Amino acid sequence: MKDLFVKTERQRFWLDQLAAIAEPIKAEAVEVDEQSRFPFEAHQLLLQIGYPQLTLPKQYGGEGLSVYDMVLVQETLASYDENASLSLGWTLGVVGEIYETHLWTEDVLTAFAQEIKSGAIINRAVSEAATGSPTRGGRPGTYAVSTKEGWLLNGRKIFTTASPVLDYFLTSAWIEEKQQIGFFLIHKDSVGLTIEENWEMSAMRGTSSHDLVLKDVIVATEHLVELPSHPSGGKINGWILHIPATYLGIAQAARDYAIHFANHHQPNSLNAPISTLPNVQQLLGDIELKLHQARFVLYGVAEAYDDPARRSLLTNEMAVAKHTVTNMAIDIVDKAMRVVGAKSLQLSNPLQRYYRNVRAGLHNPPMDDMTIIKLATAAIEQQRLNGNS
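Here is what the cut-offs are and how they apply
One numbering rule holds for all chains: residues counted from 1, following each sequence as written. Per-residue local features of the predicted model are confined to residues with pLDDT of at least 70, and side-chain atom pairs are confined, for both listing and counting, to 80 or more; whole-chain, interface and lining totals are unaffected and use all residues. Only hydrogens and water are removed before side-chain values are computed, so all heavy atoms of the structure are retained for them. A run of H or I in DSSP counts as a helix once it spans at least four residues, and a run of E counts as a strand once it spans at least two, with each numbered from the N terminus. Per-residue accessibility, obtained with a 1.4 Å probe over protein chains only, is compared with the maximum for each type, and a residue is labelled buried under 20%, exposed over 50%, and partly exposed between these values. Any pair of nitrogen or oxygen atoms within 3.5 Å is treated as a polar contact; in protein, a donor-acceptor pairing is required on top of that, and neighbouring residues in sequence qualify only through side-chain atoms on both sides. UniProt positions are given in the numbering used here, feature names are shortened, and annotations may be inferred rather than shown by experiment. A domain assignment, automatic or from a database, supplies the domain bounds used here. Accessible area that two parts lose when put together, with a 1.4 Å probe and added across both, is what the buried area reports. We define a salt bridge as a side-chain nitrogen of Lys or Arg found within 4 Å of a carboxyl oxygen belonging to Asp or Glu. Simply put, an axis is a line fit to the C-alpha atoms, just over the touching stretch for a helix, and the angle between two N-to-C directions goes from 0 to 180 degrees. Oblique is the label for any angle not under 35 degrees, not over 145, and not in the 65 to 115 range, which are roughly parallel, roughly antiparallel and roughly perpendicular in turn. Left-handed describes a crossing whose near helix is turned anticlockwise from the far helix by less than a right angle; the clockwise case is right-handed. Working rule for contacts: check all heavy atoms of both residues, and any pair within 4.5 Å makes them a contact. In this classification, the charged set is Asp, Glu, Lys and Arg, the nonpolar set is Ala, Val, Leu, Ile, Met, Phe, Trp, Tyr, Cys and Pro, and all remaining amino acids, among them Gly, are polar.

Colleague: Can you walk me through the side chain of Thr 142 in this structure?
Modeller: Looking at the secondary structure, you find Thr 142 in the loop between β1 (122–125) and β2 (143–146). For Thr 142, a relative accessible area of 0% gives the class buried. In this structure the side chain of Thr 142 is engaged in a polar contact, spanning 2.7 Å, whose partner is the side chain of Glu 128.

Structure (structure tokens):
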């Protein structure tokens, strides 16, 4: 079904590039989960095909993929290894956002483009234990003070995805003298920067989302790159769709396993594989239906975002896509496990990994409750406006 959403030869080219390295990535994914380690081999393979520069605009020497293109490749990668997809997806999303909106000065953008083309990996470091999700508006405990040498940063960030391979940390900090939050571009080799390897989770174990610790880290003055004028999550950003794309990829992998199992598993009480049973067909049909629904929502939103004529009409659609895809993906994996039965709980079975990892999507931004409240308040306000017109 996914072929229905492939629209260009360029998209097909990148899907073929991923397909060429699929088998070693799939093989490593098992070890990554079992050992709770980062997928280093997948990372190197993706670097070799230029994955980090996919969303860097062409005028800066990148591939210039759109949000729609990114969703397509991210979903495909996630069907091979969801940990690699979510980890590298943050770089694609951050690069896409900062260059599309020109968040940084032109000099910094130009210089950083060279880093990306050389394979640099970047992620935002925003979450903290005391503030929870940054989209809820908490002030970071990480703080920055202006000195003669530059900005002096101290603090700790949690959920720093892909920390073992990040070259740059785009880190939020409270600037008392400016009375606002700023984002600082910090290189991994900065003195005082350390990674505390404490990622002990049952889901997405291979993202290695350890703590970033900053102790008297000096950052060059010009690397205070962002001073947001809006609250986190308050601006339309289509590049966050790399998140639901990953969870849709997990759902696809679970579906593929369930279909293969149903077509090949034949207990001696039956004269044909279990795929001939009405109850199994009901589950498989539900899986197909939900995959269709999730894809049309996700790719429809991505297509609307890429269209300049429609982008200004978007309000809560990114959140709708994330909510819809993530929850449907969870249901798809659950139904796949019902098809396979108790064997799906064996540690050697990939479905138990998909089951744990797909649920991590509930805790990636934006959160479900915030999405529902925003939809309600937007509908209420729209009716009030229409009623007063």
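Colleague: Sorry if this is basic, but what is going on with the UniProt feature "domain: Acyl-CoA dehydrogenase/oxidase N-terminal" (unreviewed entry) in the protein chain here?
Modeller: As annotated in UniProt, the feature "domain: Acyl-CoA dehydrogenase/oxidase N-terminal" (unreviewed entry) corresponds to residues 11–96 in the numbering used here. Secondary structure over residues 11–96 splits into 72% helix and 0% strand, and the C-alpha atoms at its two ends are 17 Å apart.

Colleague: Whenever I open this one, the domain arrangement of the protein chain confuses me. Can you help?
Modeller: The extent of an interface is frequently quoted as the accessible surface area lost upon association of the parts. Its domain assignment divides the protein chain into domain 1 (1–120), domain 2 (122–224) and domain 3 (237–378). Just the C-alpha atoms count here: the centres of domain 1 and domain 2 sit 23 Å apart. Buried surface at the junction of domain 1 and domain 2, both sides included, amounts to about 1800 Å², of which 63% is carbon and sulfur. Connecting domain 1 to domain 2 are two salt bridges.

Colleague: Explanation requested: the packing of helix α5 (residues 82–100) against helix α7 (residues 242–264) in the structure shown.
Modeller: How two helices sit against one another is set out by the angle between their axes and by the gap between those axes. Two elements in contact, α5 and α7, have axes whose closest approach is 9 Å; the angle formed by their N-to-C orientations is 160°. On the basis of their axis angle, the class for α5 and α7 is roughly antiparallel. Every pair of crossing elements has a handedness; the one defined by α5 and α7 is right-handed. Each of Glu 82, Ser 85, Leu 86, Gly 89, Trp 90 and Gly 93 in α5 lies in contact with α7, whose residues at this interface are His 242, Ile 243, Thr 246, Tyr 247 and Ile 250. Among the residues making up the contact of α5 with α7, the classes are represented as five nonpolar, five polar and one charged.

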